[in-house]
Amino acid sequence: MRTQLFIGGEWRDGSDGVTFDVIDPATEAIVASVAAGTPSDATAACESASAAQPGWAATAPRERAEILRRAWQLLMERQDELARLIVLENGKPLADAKGEVAYAAEFFRWNSEEAVRIHGSIGTAPSGSNRIIVHHPPVGVVVIVTPWNFPAAMITRKLAPALAAGNAVVIKPPTETPLTALRIADLLSEAGVPDGVVNVVPTTDAEAWFDAAVDHPGIRMVSFTGSTGVGRNLLKRSADRVLKTVMELGGNAPFVVFADADLDAAVEGAMTAKMRHSAETCTAANRFFVEASVVEEFASRFAAAMGAVTLGVGTDDGVTCGPLIHAGALDRVTSLVDDAVAAGARVQVGGKRSDRAGYFYEPTVLSNVAHDDPITREEIFGPVAPIIAFTDVDDMIDQANDTEMGLIGYVFTSDLAKGLRVSERIQAGMIGLNRGAVSDPAAPFGGMKQSGLGREGASDGIYEFCETQYIATDW
Ligand code: SIN
């Protein structure tokens, strides 16, 4: 297990020798002590990345592609080991963790294929006086700040395209789950990424760390996944140096079930959209709008499926949902549900924290929720599903869009034309139409409104890590 900072290809302690504990949220046991990086460690990492980046950018795209493909292979060879590390520090079930490793690895494979296809263009100026040549050099050095809910995939979704385009990176992994990030850095070295191109500096003082990184003259871009509140602060701070930013922020996903939907498929989709990765995803369905004529039936089938979820330690047989990440998350979910119930919501199943040790909350379905109840205004980030009945489609769409968030929405109907019409009216960057999961390295992930800026994955993802240069040419 790697527990030191990774700077310039070397493992080292933090400059003031301080460490912090990583806690298993399923048992509350300390599983590792990790070096806490200081602002001067962040600066050292920016120095290393700035020194290494020009050499990496000069490497042939094919060579970068082959290194990334080796990284994909190495992650898949170590899938079980990495998944167990994810379970240890994040708590999600082993099957989800294995799925996450495959998802994380796929960003390397996908971007190994994109590395050799960064295309520019050439055209003639309308006046005929010259040619317009456009090409896409790398941005330079990128600061990557990631969340704890996908300790591997949220890093590789940024890291793989950044490297493919010829950038060097300085990563601040989350305090809750730094171990997976450090192990990935190790595997990237094994895959052949040169020293200094990837640096990982965990810290307990995110603000001071970020200030030091942003102020380093080598840094040209910030890529962040996390809450909208933190993203807003990082955007403000990045503005001081007019840094390029990509922001994958919070969600408040509507999940719409029409009366003509296949209800078995809708319940299965609801379970995926709500419960994948222990219900701690920004894509999680947050508000279930169900047509009134089927709301009772949907609620009772959904409650039965939620009631059949097995909570427990992620590596134990049969466990399908892990704990929340920490005591603060558990307290927050508890008070959101308690307030909703006090306001008139009916508990179909769950409704309380679990009796077991660790930060577990019982999978919960709430019916009789009004569209503007406080629980529908917050990103729940826990296994709680509020159901809102609707009769009028236009009203329902207004309510679904009555949020500053616009990451994702879900629509279930057997009428494809209606599904597409409603999908187009939902203000969200991604829609699952008769599907409870949309995440795919080959598709553009990202949000509208305050859910973010820019896209990750697909071909768009690599261009986020590139500049555009135009050369007016005469010959
Ligand atoms: C997230 O929760 O931030 C990402 C979810 C995903 O990629 O599926």
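Residues numbered from 1 in each chain as written. Predicted model: local features only at pLDDT ≥ 70, side-chain atom pairs only at ≥ 80, totals over all residues. Heavy atoms only, no water.

### Regarding the packing of helix α2 (residues 61-77) against helix α4 (residues 94-114)
Helices that pack against each other are described as a pair by the angle of their axes relative to one another and the distance between those axes. Taken N-terminus to C-terminus, the directions of α2 and α4 make an angle of 165 degrees; their axes are 8 Å apart at the nearest point. On the basis of their axis angle, the class for α2 and α4 is roughly antiparallel. As for the relative orientation of α2 and α4, their crossing is left-handed in sense. Touching Ala65, Leu68, Arg69, Ala71, Trp72, Leu75 and Met76 of α2 are Val101, Ala102, Ala104, Ala105, Glu106, Phe108, Arg109, Asn111, Ser112 and Glu113, all from α4. Partitioning the contact of α2 with α4 into residue classes produces eleven nonpolar, two polar and four charged. (Axes fitted to C-alpha atoms, helices over the stretch in contact; angles between N-to-C directions. Helix = DSSP H or I, 4+ residues; strand = E, 2+ residues; numbered from the N terminus. Parallel < 35°, antiparallel > 145°, perpendicular 65-115°, else oblique. Left-handed = near helix turned anticlockwise from the far one by under 90°. Contact = heavy atoms within 4.5 Å. Nonpolar A, V, L, I, M, F, W, Y, C, P; charged D, E, K, R; others polar.)

### Quick notes on the site of the ligand
Looking at the ligand, the residues that line it are Tyr103, Asn149, Phe150, Met154, Arg157, Thr225, Arg276, Thr281, Cys282, Thr283, Ser439 and Phe445. At 2.4 Å from an oxygen atom of the ligand is found a side-chain nitrogen or oxygen belonging to serine 439. Within the complex, 99% of the 260 Å² of free accessible area of the ligand lies under protein. Classifying every residue of the shell around the ligand gives five nonpolar, five polar and two charged. Shared between two domains, the shell around the ligand takes at least three residues from each, and those domains are domain 1 (5-249 + 451-473) and domain 2 (253-440). (Near = heavy atom within 4 Å. Polar contact = N/O pair within 3.5 Å; in protein donor to acceptor, adjacent residues only side chain to side chain. Areas by Shrake-Rupley, 256 points an atom, 1.4 Å probe, with all protein chains shown as cover. Domains from an automatic or database assignment.)

### Considering the side chain of serine 278
Assignment of secondary structure puts serine 278 in the loop between α9 (263-275) and β13 (285-291). On the basis of relative accessible area, serine 278 is assigned to the buried category, the value being 1%. Polar side-chain contacts of serine 278 include one of 3.0 Å to the backbone nitrogen of glycine 322. Not counting chain neighbours up to four residues away, the residues in contact with serine 278 comprise Lys92, Pro93, Asp96, Cys321, Gly322 and Pro323. (Buried < 20%, exposed > 50% of the residue type's maximum accessible area, 1.4 Å probe, protein only.)

### Things to note about the pattern of salt bridges
The tally for this structure, following the rule as stated, stands at 23 salt bridges. Between aspartate 215 and arginine 237 there is a salt bridge, and its shortest N-O distance comes to 2.8 Å. Of the two residues, aspartate 215 is situated in helix α7 (residues 206-215) and arginine 237 in helix α8 (residues 228-239); the sequence distance between them amounts to 22 residues. Overall, the relative accessible area of 19% leaves arginine 237 in the buried class. (Salt bridge = Lys/Arg side-chain N within 4 Å of Asp/Glu carboxyl O.)

### What to know about the domain arrangement of the chain
Split by domain assignment, the chain resolves into domain 1 (5-249 + 451-473) and domain 2 (253-440). The C-alpha-based centres of domain 1 and domain 2 are spaced at 31 Å. Taken together, the contact between domain 1 and domain 2 spans 24 residues of the former and 29 residues of the latter. Carbon and sulfur atoms make up 62% of the surface buried where domain 1 meets domain 2, a total of about 2,200 Å² over both sides. In this assembly, domain 1 and domain 2 are joined by zero salt bridges. Linking domain 1 with domain 2 are eight residue pairs in polar contact (both at pLDDT 80 or more). Only α3 (79-90) and α4 provide two or more residues apiece to the side of domain 1 that touches domain 2. Among the residues forming the side of domain 1 that touches domain 2, the class breakdown is ten nonpolar, six polar and eight charged. (Buried area = accessible area lost by both parts, 1.4 Å probe.)

### Remarks on the nonpolar core
Of all hydrophobic cores here, the largest spans 88 residues; its most connected members are Phe108, Leu159, Leu163, Leu188 and Val198. Residue contacts for leucine 163: discarding those within four places in its chain leaves Trp56, Arg64, Leu68, Leu188, Val193, Val197 and Val198. Among the nonpolar cores identified, the runner-up in size contains 68 residues, and Val294, Leu324, Leu330 and Ile408 belong to it. (Core = buried A, V, L, I, M, F, W, Y, C linked by side-chain atoms within 4.5 Å.)

### Structural notes on the sheet that holds strand β18 (residues 408-412)
Sheet architecture is open: seven strands sit in the order β14-β15-β16-β13-β12-β18-β19, paired in mixed fashion. Each end of this open sheet is capped by a strand with a single partner; those strands are β14 (346-349) and β19 (430-433). Each neighbouring strand pair of the sheet contributes to a mean axis angle of 25 degrees, computed without reference to strand direction. Relative to β18, strand β12 (residues 253-257) runs parallel, the two being bridged by three bridges. Bridge pairing links phenylalanine 255 to tyrosine 410 in β18. Contacts from α9 reach β12, β13, β16 (384-390) and β18, with the element oriented near 170 degrees to β12. Against the sheet, helix α11 (residues 327-342) contacts β14, β15 (364-367) and β16, and its axis sits at roughly 25 degrees relative to β15. (Pairing = 2+ DSSP bridges.)

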